[in-house]
Amino acid sequence: MASRSDVPPTHTVKPIEPPPASDRPTSAMLKGDIDSGRTGDKNPVFDPGLSPLGTDDEAAGTPPSPFRIMLARYSENLGRWAQGSRQAGAAHHKWDGFPVVFVGSIGIIALVLIIGIWSVRGG
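Residues numbered from 1 in each chain as written. Predicted model: local features only at pLDDT ≥ 70, side-chain atom pairs only at ≥ 80, totals over all residues. Heavy atoms only, no water.

**Some details on the overall build of the chain**
For the chain, the count of helices and strands is four helices and zero strands. Counting across all 123 residues of the chain, residues that qualify as buried make up 13%. Long-range contacts, defined as pairs at least 24 residues apart, comprise 61% of the intrachain contacts of the chain with a sequence gap of at least 6. (Helix = DSSP H or I, 4+ residues; strand = E, 2+ residues; numbered from the N terminus. Buried < 20%, exposed > 50% of the residue type's maximum accessible area, 1.4 Å probe, protein only. Contact = heavy atoms within 4.5 Å.)

**Description of the side chain of Ser36**
Along the chain, Ser36 turns up in the loop between helix H1 (27–35) and helix H2 (55–59). What makes Ser36 buried here is its relative accessible area of 11%. Setting aside residues up to four positions removed in sequence, Ser36 forms contacts with Ile16, Glu17, Pro18 and Pro44.

**Observations regarding the pattern of salt bridges**
Evaluated as defined, the whole model comprises three salt bridges. Between Arg38 and Asp33 there is a salt bridge, and its shortest N-O distance comes to 3.1 Å. Accessibility expressed as a relative area gives 0% for Asp33, which makes it buried. The partner of Arg73 in a salt bridge is Asp33, and the shortest N-O contact between them spans 2.6 Å. (Salt bridge = Lys/Arg side-chain N within 4 Å of Asp/Glu carboxyl O.)

**A closer look at the side chain of Asp33**
Here Asp33 is to be found in helix H1. Setting aside its immediate chain neighbours within four residues, Asp33 contacts Pro19, Arg38, Thr39, Arg73 and Asn77.

**Overview of a nonpolar patch on the surface**
Judged by side-chain polarity, Phe98, Val100, Phe102, Val103 and Ile106 come together as a nonpolar surface patch covering roughly 530 Å² of accessible area. With respect to the secondary-structure elements, Val103 resides in helix H4 (residues 100–120). (Patch = residues over 30% accessible without salt bridge, like charges linked within 9 Å, V, L, I, M, F, W, Y side chains within 5 Å. Areas by Shrake-Rupley, 256 points an atom, 1.4 Å probe, with all protein chains shown as cover.)

**Some details on H4**
With 21 residues, H4 should reach 30 Å at 1.5 Å per residue; the first-to-last C-alpha distance of 30 Å fits that figure. Positive backbone phi, at 85°, marks Gly122, one or two positions downstream of H4. (Expected span 1.5 Å × (residues − 1).)

**Here's the deal with H1**
Judged by how many residues are buried, H1 sits mostly within the fold: seven of nine residues are covered. All of the buried residues along H1 are Ser27, Met29, Leu30, Lys31, Gly32, Asp33 and Asp35. Two residues or fewer after H1 comes Gly37, characterised by a positive phi angle close to 85°.

Structural data, given as structure tokens:
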């Protein structure tokens with residue numbers, strides 16, 4: 001059994017500070033906005049990704065321009081919250097409830113099958 005000292009330390013549980021405003025923003029700054037919780041997408045902790053945001057664009061030879069990144073940062077930060085905080089869905093409030101539509105659909109299908117079988121047999 002591994003002792004606690006055998007486990008390498010992780011930095012994913014420490015809160016992330018949002019990056020400062022910049023005239024020439026980078027993809028890393030946009031990811032920092034997301035990781036810091038500024039965009040409202042996730043909890044404000046480091047999220048280790050397999051490939052950093054924007055890597056696929058750079059690999060394709062078309063890295064995003066600072067203007068495009070600035071627009072993305074604006075829409076993710078200010079634009080998203082301009083009309084007030086977003087409404088949380090039922091899953092965030094753990095309001096799962098009873099699947100009425102699903103169970104109702106199964107009931108209707110069963111009823112159609114029963115009536116069909118009954119009418120074929122000359123009921």
